[in-house]
Structure formats: C-alpha cells, structure tokens
Amino acid sequence: MPGRLETEFRAKREAGRKLLVPYITGGYPGWQDAIRACAANGADAVEIGIPFSDPVMDGPVIQQASQAALEAGVTPQSVLDEVPGLDVEIPLAVMTYYNLVHHPGPERFAANLQRAGVAAAILPDLPLEESDPWCTAAEAHGIEAIMLAAPTAPDDRLPRVAERARGFIYSVGLLGVTGERSSLAETATDLAARLKAITDKPVLVGVGVSNAEQAYQATRVADGVIQGASVVRRLMETGPDSVGEYVAEVRAAIDAD
C-alpha cells in the first residue's frame, strides 16, 4: 500500500498538477523558515538534507551549506528534532548518506524518522543491490524509500529500481554532482521518458534542474522536479523569503500549459 508521499503525489498528478520538491539543507541558518516558505508558495514536498562530512553527490553550493551547518554543531538528531515544529501540511523527506544510517543501524534510523514525522528518505550512495536491509526497516516504520535511477542505467535495470522504489523515483538528470547549469541536460528528459514507459510510479527529475525554465522543460516529460542548488544558493545569499519567491516562480512556470 503506498505511503503518504506517493498517495499525495499520485492524486495531484491525476488532477493534472506537476510536482515541485525543493531541497533545503537542514541546520543551515533559516532552514526552518525556508521550508515554511516553500510550503506556502506551492511546494508539494520538501527534501531536507541532513549534513554529512563527505557528501559525494553534492556540488559546491550544497557542500558549503552543509559545512556551515556541521561547523555550527548540527547533528542528524538535531535536524530531526526540529521537524515536528515545522508545522507544514506537505510531506517531508530527508536526503543523506548511508554512513549516517549504518552507524545507528537501519532499524533505529527508520524509527527516528518515523518519530519525527518524516515521510520518506533518499540515500543516493546506497546501491540497489545492497538496499534490502534499509528498505525492509523503512517499510516497517512507514518510511518511503525513494530510489535513484541513473542516466547510464541499462534498460533491464530500470524495472528493478522502479519495483523497489516507494514514494517516487528520483530520475537523476545528469552524471556528476548537484549544481546550477546553463541548460537542462538531454539525459534528464531521456531518462524520465524511459522511466515513464515502464512504471506508473511518480517520476521526478533532480540534479541539474537550475531555474524555472528548466523545471518547465523537465516537467513536460516527468511528473515533477527536485531543485537543490538553486534553492540553497538563495537561502545562503538572501534568506528564506527569497526561497519562497523562487519556489513561487518555479510553481508558476511548471503550471503553465
């Protein structure tokens, strides 16, 4: 039975809405208000980054925000402790690295997410072939284990990713780390189309979706987009209000016919 995130995403898709998921670095100054601003301006969920010292998928902007949070003493638990007080109506997911799951163990980590009211989790460095212990623990605690599909994945791998995924499938727009780019990579729409052909689970493009125009392009094929660097940069440069303004801009773009 689908969890909250997938249920809401499917319902919104059926209603003709494209899905928008901004990423906010947990623990960075103003992050709580940034999440509230996202929710108030049309985000369908928010991905909360739990800072980690070796973020292999994150580009310079998100690395900088994570480092600042870590230097301020932020821990995974201190981020999760704040989640219940965010008081937003949309589902919240966390994104972090498997080391932070392995250390307490999948069971305890999943239980911590459940207690905090988190709906889903993304672990970009956990290979599909090694995901069983985490996915089993997540399922037992009602946490949707979002899986990533890479643009280099052969056709016979995608159905296995889709079958394992809960919540939605994270369609990785391009090889490399997160960051803003001048144009949307062709691989972003190509992979989304390949996934849409083999599954009815929601497919969202993340990595390399850098502005409202690129979000519009991606959502002509995919069900939605995840935006990280362009959101976090605004948080660092001008604060939570500008995050809300940007989310509203992207929302308007992807809603256009």
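Attention in this report is confined to the structure presented alongside it. In this text the structure is predicted, and so the values were computed from the model without any measurement.

1. Details of the pairing of strand β3 (residues 92-95)
- Residues L92 and V94 point to one face of β3 and A93 and M95 to the other, with burial holding for every one of them.
- In the sheet, strand β2 (residues 46-49) pairs with β3 via 4 bridges, with the strands oriented parallel. Paired with G49 across the bridge in β3 is M95.
- With 3 bridges joining them, β3 and strand β4 (residues 120-122) adopt parallel strand pairing.

2. Section: the nonpolar core
- Formed by 90 residues in total, the largest nonpolar core has its most connected members in I24, I35, V46, I48, L113, W134 and F168.
- It is helix α12 (residues 240-255) that contributes the most residues to this core, 6 residues altogether.
- Look past the residues within four positions of W134 in its chain and what remains in contact with it is Y98, V101, P106, F109, A110, L113, A121, L123, L126, I143 and A145.

3. A short note on the pairing of strand β5 (residues 144-149)
- Where burial is concerned, most of β5 is hidden: 5 out of the 6 residues are buried.
- Of the pairings in the sheet, the one linking β4 to β5 comprises 3 bridges and is parallel in character. Following the sheet pairing, I122 is matched in β5 by I146.
- In the sheet, β5 pairs with strand β6 (residues 169-172) via 3 bridges, with the strands oriented parallel. Each bridged residue has a counterpart across the sheet, and for A149 the counterpart in β6 is S171.

Definitions and cut-offs
Residues numbered from 1 in each chain as written. Predicted model: local features only at pLDDT ≥ 70, side-chain atom pairs only at ≥ 80, totals over all residues. Heavy atoms only, no water. Buried < 20%, exposed > 50% of the residue type's maximum accessible area, 1.4 Å probe, protein only. Helix = DSSP H or I, 4+ residues; strand = E, 2+ residues; numbered from the N terminus. Pairing = 2+ DSSP bridges. Core = buried A, V, L, I, M, F, W, Y, C linked by side-chain atoms within 4.5 Å. Contact = heavy atoms within 4.5 Å.

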